[in-house]
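Fold and contact review
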Amino acid sequence: SSGINAEWPLRPGMVTLGSKGVVYCDRSKKLEHVQCPSVLAVDTTGAGDSFIGTLAHLVAKKELEGISFYRKVEIACQVASESVTKTGTQSSYPCSYKIDDA
């Protein structure tokens, strides 16, 4: 992968891959792939919203500055995975205290 990074002018970005997780490129042009936990999906509606909402929450919280971005993406993947195990959108999202304790 270092050959790709040297030749390909990557910019920071992120692509969600559904059950396969997330690939993101950080400012150093390093590609990271974060896996999602394997779950039995019931309703995938809102999974992306769950992921990005959780990630935004974790990035914005001052108390969580010491947690790596990779770990925050892992937690967001866990929350999104949990959200697809129930029907509905907001009703399938966990409470913020569960996220902060992850």
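This structure is a prediction, so every number in the text was calculated from the model and none was measured. Along each chain, the written sequence defines residue order, and numbers are assigned to residues from 1. Owing to the predicted nature of the model, reporting of local features is limited to residues with pLDDT of at least 70; listing and counting of side-chain atom pairs is limited to 80 or more, with chain, interface and lining totals taken over all residues. The basis for the side-chain values is all heavy atoms of the structure; hydrogens and waters are excluded.

1. With respect to the side chain of Ser-81
Within the secondary structure, Ser-81 is located in helix H3 (residues 69-83). Residues within four places of Ser-81 in sequence aside, it is in contact with Cys-36, Pro-37 and Val-39. In DSSP terms, a helix is any run of H or I states spanning at least four residues, a strand is any run of E spanning at least two, and both are numbered starting from the N terminus. In this analysis, two residues are considered to be in contact whenever any of their non-hydrogen atoms come within 4.5 Å of each other.

2. A look at the pairing of strand E3 (residues 31-34)
Covered by surrounding structure in E3 are Glu-32 and Val-34 only, the residues Leu-31 and His-33 on the alternate face being uncovered. At least two bridges found by DSSP between two strands are what make those strands a pair. Between strand E2 (residues 22-25) and E3, which follow one another and run antiparallel, lie 5 residues, and Lys-29 among them has a positive phi close to 70°. We call a residue buried when its accessible area falls under 20% of the maximum for its residue type, exposed when it is over 50%, and partly exposed in between, using a 1.4 Å probe and counting protein chains only.

3. With respect to the nonpolar core
Nonpolar side chains in soluble globular proteins generally cluster together in the buried interior. In terms of nonpolar packing, the biggest core is built from 10 residues, these being Val-22, Tyr-24, Val-34, Cys-36, Phe-51, Leu-55, Val-73, Ala-76, Cys-77 and Ala-80. Sorting the residues of this core by element identifies E2, helix H2 (47-60) and H3 as the ones contributing at least two each. If one sorts the elements of this core by residue count, H3 sits on top with 4 residues. If sequence neighbours within four positions are ignored, Leu-55 has contacts with Met-14, Phe-69, Lys-72, Val-73 and Ala-76. Only buried residues count toward a nonpolar core. Its members are Ala, Val, Leu, Ile, Met, Phe, Trp, Tyr and Cys residues joined through side-chain atoms within 4.5 Å.

4. What about the sheet that holds E3?
Taken together, the 3 strands give an open sheet; going across it, the order is E1-E2-E3, and neighbouring strands pair in antiparallel fashion. Because the sheet does not close on itself, it has two edges, and the strands there are strand E1 (13-16) and E3. The average angle at which neighbouring strand axes cross in this sheet is 15°, direction not considered. Bridge analysis of E2 against E3 gives 4 bridges, and the strand direction is antiparallel. Paired with Cys-25 across the strands is Leu-31, a residue of E3. The axes used here are C-alpha line fits, helices contributing only the stretch in contact, and every angle between their N-to-C directions lies in the interval 0 to 180 degrees. H3 rests against E1, E2 and E3 of the sheet, and its axis sits at about 30° to E3.

5. Some thoughts on the side chain of Ser-83
Within the element layout of this structure, Ser-83 appears in helix H3. From its side chain, Ser-83 meets the backbone oxygen of Ala-80 in a polar contact 2.7 Å long. Within 3.5 Å is the distance limit for a polar contact, defined as a pair of N or O atoms, with the added protein rule that one can donate a hydrogen and the other accept it, and that residues adjacent in sequence qualify only through two side-chain atoms.

6. A short note on the pattern of salt bridges
Any carboxyl oxygen of Asp or Glu within 4 Å of a side-chain nitrogen of Lys or Arg constitutes a salt bridge here. Scanning the entire structure with this criterion turns up 5 salt bridges. In this structure, Lys-30 engages Glu-32 in a salt bridge whose closest nitrogen and oxygen atoms are separated by 3.1 Å. Take Glu-32: its relative accessible area is 18%, and that puts it in the buried class. One salt bridge connects Glu-63 with Lys-61, and the closest N-O pair in it is separated by 3.3 Å.

7. Some thoughts on the packing of aromatic side chains
Each pair of aromatic rings is reported with the distance of its centres and the angle of its planes. Two rings from Phe, Tyr or Trp (for Trp, the six-membered ring) form a pair when their centres sit within 6.5 Å of each other. Planes less than 30 degrees apart are called stacked, planes more than 60 degrees apart edge-to-face, and all others tilted. Inspection of every chain in the model, using the stated rule, returns 1 aromatic pair. When the ring of Tyr-24 is compared with that of Phe-69, the centres are 5.1 Å apart and the planes differ by 85°; the resulting orientation is edge-to-face. With Tyr-24 in strand E2 and Phe-69 in helix H3, this residue pair connects regions lying 45 residues apart in the sequence. Classification of Tyr-24 as buried rests on a relative accessible area of 4%. A relative accessible area of 36% places Phe-69 in the partly exposed class.

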